[in-house]
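A look at the structure
One-letter residues, chain by chain:
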Amino acid sequence: MSDLTPFGKYFLPGPTEVPHDVLRAMVRPVMGHRSSEVSELMGEMQGRLSKLFVTERPVLVSTSSATGMMEAAITNLTRKRVLCLSCGAFSHRFYDIAQATGRGADVLQAEWGQPNRPEALREALASAAGTYDLVTVVHSESSTGVLNPLADLAAVAHEFDDVLIAVDTVSSLAGAPVLTDEWALDFVLTGSQKALAIPPGLAFAAASERAMDRAREVENRGFYFDLLKFEKNLTERRQTPNTPAVSLLFALDHQLRSLLAEGLEARWARHAAMAERTYRWVDELAGRTGEDYRVLAPEGYRSPCVTSIMVPEGRTGPEVMGAAARHGFTIATGYGKLKETSFRIGHMGEHTLAELEELLQALDGEL
Ligand SMILES: *Cc1c(COP(=O)(O)O)cnc(C)c1O
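Position numbers for residues start from 1 in each chain and track the written sequence from start to end. The predicted origin of the model limits local features to residues at a pLDDT of at least 70 and limits the giving and counting of side-chain atom pairs to 80 or more, whereas totals for whole chains, interfaces and linings rest on all residues. As a rule here, side-chain values cover all heavy atoms of the structure and leave hydrogens and water aside.

**As for empty space enclosed by the protein**
Definitions used for this entry: grid spacing 1 Å over protein atoms alone; cavity, a set of points where a 1.4 Å probe fits but cannot get out; pocket, an open set with protein on both sides within 12 Å along at least 5 of 7 lines; lining residue, one with an atom within 4 Å of a point. Grid points are joined across faces, edges and corners, and a volume is the space filled by probe spheres set on the points. The final tally for this structure, using the stated rule, is two cavities of 30 Å³ or more. Considering only enclosed or pocket space, the largest cavity measures out at about 60 Å³ in volume. Lining of the largest cavity is provided by Val-61, Ser-62, Thr-63, Tyr-224, Phe-230, Thr-240, Pro-241, Asn-242, Thr-243 and Pro-244. A run of H or I in DSSP becomes a helix once it reaches four residues, and a run of E becomes a strand once it reaches two; helices and strands are each numbered from the N terminus. For the lining of the largest cavity, the leading source of residues is strand E1 (residues 59-63), giving three residues. Ten residue types, Ala, Val, Leu, Ile, Met, Phe, Trp, Tyr, Cys and Pro, are classed as nonpolar, four, Asp, Glu, Lys and Arg, as charged, and the remainder, Gly among them, as polar. Looking at the lining of the largest cavity residue by residue, the classes come out as five nonpolar, five polar and no charged. Taken as a whole, the second largest cavity holds about 30 Å³ of empty space. Taken together, Met-42, Val-59, Leu-60, Val-61, Phe-230, Leu-234, Gln-239, Thr-240 and Pro-241 form the lining of the second largest cavity. Listed by contribution, the elements that provide at least two residues to the lining of the second largest cavity are E1 and helix H8 (227-237). Element by element, the count of residues in the lining of the second largest cavity is highest for E1, at three residues.

Below is the structure:
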């Protein structure tokens, strides 16, 4: 335990900093995954996971990174063609998965830094009536800091018969409202290492009854990510299809308790406050230096969990990252094609406004 670094310096938009008590919760003997202890643990966690996903549905637990559950969405939920809403690197991944697994797919592209618009989705679905039976979307696009208007996009998808909507909430769930049942989201997936602040290695998904019915109609669902197997194991014996990362389940159990003790609404508010502070800081920085620093995502479409900040000419993303590092802080450069022209601050998980303030002050001294 002696080599644990002090908490509050690591602001990557994933993996996020894991609190020491969560790390310590993993230091327990492993147990057999067909044991009654595992069933008990999994069963107990179900209630809390459902609260977290704001759903009445079971929450499937996968030992994989979140991309595994993205693949499950594609391989289980389409028998016709999938329309992938893309506005950055992660949302585009659904399309790449569809290509790799031989599913017919098209991309509806929004410019990087812009959200996917409900009107554009309606037009695409209407003009190709009957073509698509699945829409994929990323809620919080971690490569740009955009928050998509999820409830509205889901409502549009449901205007069309036979169209399901699968949502990547990897960097939003537990940091921003995701109302699975109220918004009628058919498949909501997330990973352990972003706003949940658990180490990497687990993925979670809630599938609607419609989604499970769809999976039953799809023949080649694959083996490891067959949703029917996940649901059968969970409902019949509160277990997983294969050996789960048991140590991570201990971390999850511990973190679910703290998370619900804080309260979902309080947690959403804490994330919103950190995001607002970051936007204000960017404005102050631009004002003070007279240089063109700005938040990439437009107002009203900004993720409370990650902010992407464009740097003025003469500065680079890696340079700002280096400046933070001189003060012991870790932040990220821009993602992919935005690497040089932007940097990103992940303000999610267990971070507080006070820790964020220290980071921003350190950057102020450098910029
Ligand atoms: C990190 C991230 C992913 C990928 O998650 P893995 O756990 O690395 O598979 C997918 N989508 C979004 C929005 C992410 O932020």
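**Digging into the site of the ligand**
Around the ligand lies a shell of 14 residues, among which Ser-65, Thr-67, Ser-142, Asp-168 and Lys-194 are the nearest. Polar contact is defined as a pair of N or O atoms within 3.5 Å, subject to the rule that within protein one atom must be able to donate a hydrogen and the other to accept it, and that residues adjacent in sequence are counted only when both atoms are side-chain atoms. A distance of 2.5 Å is found between an oxygen atom of the ligand and a side-chain nitrogen or oxygen belonging to Thr-67. At a separation of 2.5 Å, a nitrogen atom of the ligand approaches a polar side-chain atom of Asp-168. In this description, accessible areas are obtained by the Shrake-Rupley approach with a 1.4 Å probe, and a residue is regarded as covered only by the protein chains that are shown. Notes on the ligand: free accessible area 390 Å², of which the protein chains cover 90%. For the shell around the ligand, the element with the highest residue contribution is helix H3 (residues 66-77), accounting for three residues. Partitioning the shell around the ligand into residue classes produces five nonpolar, six polar and three charged. By convention in these notes, a residue is near a molecule or strand provided one of its non-hydrogen atoms lies within 4 Å of it.

**As for the side chain of Ser-140**
The residue Ser-140 is located in strand E5 (residues 140-141) in this model. One polar contact links Ser-140 to Ser-303, side chain to side chain, over a distance of 2.9 Å.

**Quick word on the sheet that holds strand E9 (residues 202-207)**
Here seven strands make up an open sheet; going across it, the order is E1-E9-E8-E7-E4-E2-E3 and the pairing mixed. If you trace the sheet from one side to the other, it starts and ends with E1 and strand E3 (105-109), each paired once. The sheet shows a mean angle of 20° between the axes of neighbouring strands, direction not considered. Here a strand pair is declared whenever DSSP counts at least two bridges between the two strands. Sheet topology note: the strand E4 (residues 134-138)/strand E7 (residues 164-168) ladder contains five bridges and is parallel. Bridging across to E7, Leu-134 finds its partner in Leu-164. Here helix H2 (residues 36-53) sits on the sheet in contact with E1, strand E8 (187-191) and E9, set at roughly 110° to E1. Its contacts with the sheet place H8 against E1 and E8, and it is angled at close to 110° to E1. Axes here refer to lines fitted to C-alpha atoms; in helices the fit is confined to the stretch in contact. Angles between the N-to-C directions go from 0 to 180 degrees. In what follows, a contact means two residues having at least one pair of non-hydrogen atoms within 4.5 Å.

**Details of the nonpolar core**
Here, nonpolar core means buried Ala, Val, Leu, Ile, Met, Phe, Trp, Tyr and Cys residues that are tied together by side-chain atoms lying within 4.5 Å of each other. Remark: exposure states derive from per-residue accessible area (1.4 Å probe, protein chains only) relative to the maximum for the residue type, with buried under 20%, exposed over 50%, and partly exposed in between. Within the largest apolar cluster, 87 residues are counted, with the highest numbers of intra-cluster contacts made by Leu-49, Leu-52, Met-69, Phe-187, Leu-189, Phe-204 and Leu-252. Among the elements that take part in this core, helix H9 (residues 246-262) stands out by supplying eight residues, more than any other. Discounting chain neighbours no more than four positions away, the residues touching Leu-252 are Met-45, Leu-49, Ile-198, Leu-202 and Phe-204. If you look at the next biggest cluster of nonpolar residues, it comprises 24 residues, including Met-274, Tyr-279, Ile-309 and Phe-329.

**Here's the deal with the pairing of E1**
Across the five residues that make up E1, a large majority, four, are buried. Where E1 and E9 come together, five bridges link them in antiparallel fashion. When the sheet's bridge partners are listed, Leu-60 is paired in E9 with Ala-205.

**Examining helix H11 (residues 317-325)**
When H11 is considered as a whole, its buried residues turn out to be Gly-317, Val-320, Ala-323 and Ala-324. Considered in projection along H11, the buried side chains sweep an arc of 120° and stay on one side of the axis. In this structure Thr-316 caps H11, since a side-chain oxygen of it lies 3.1 Å from the backbone nitrogen of Glu-319. When we speak of the arc, we mean the arc of directions from the helix axis to the C-beta atoms.

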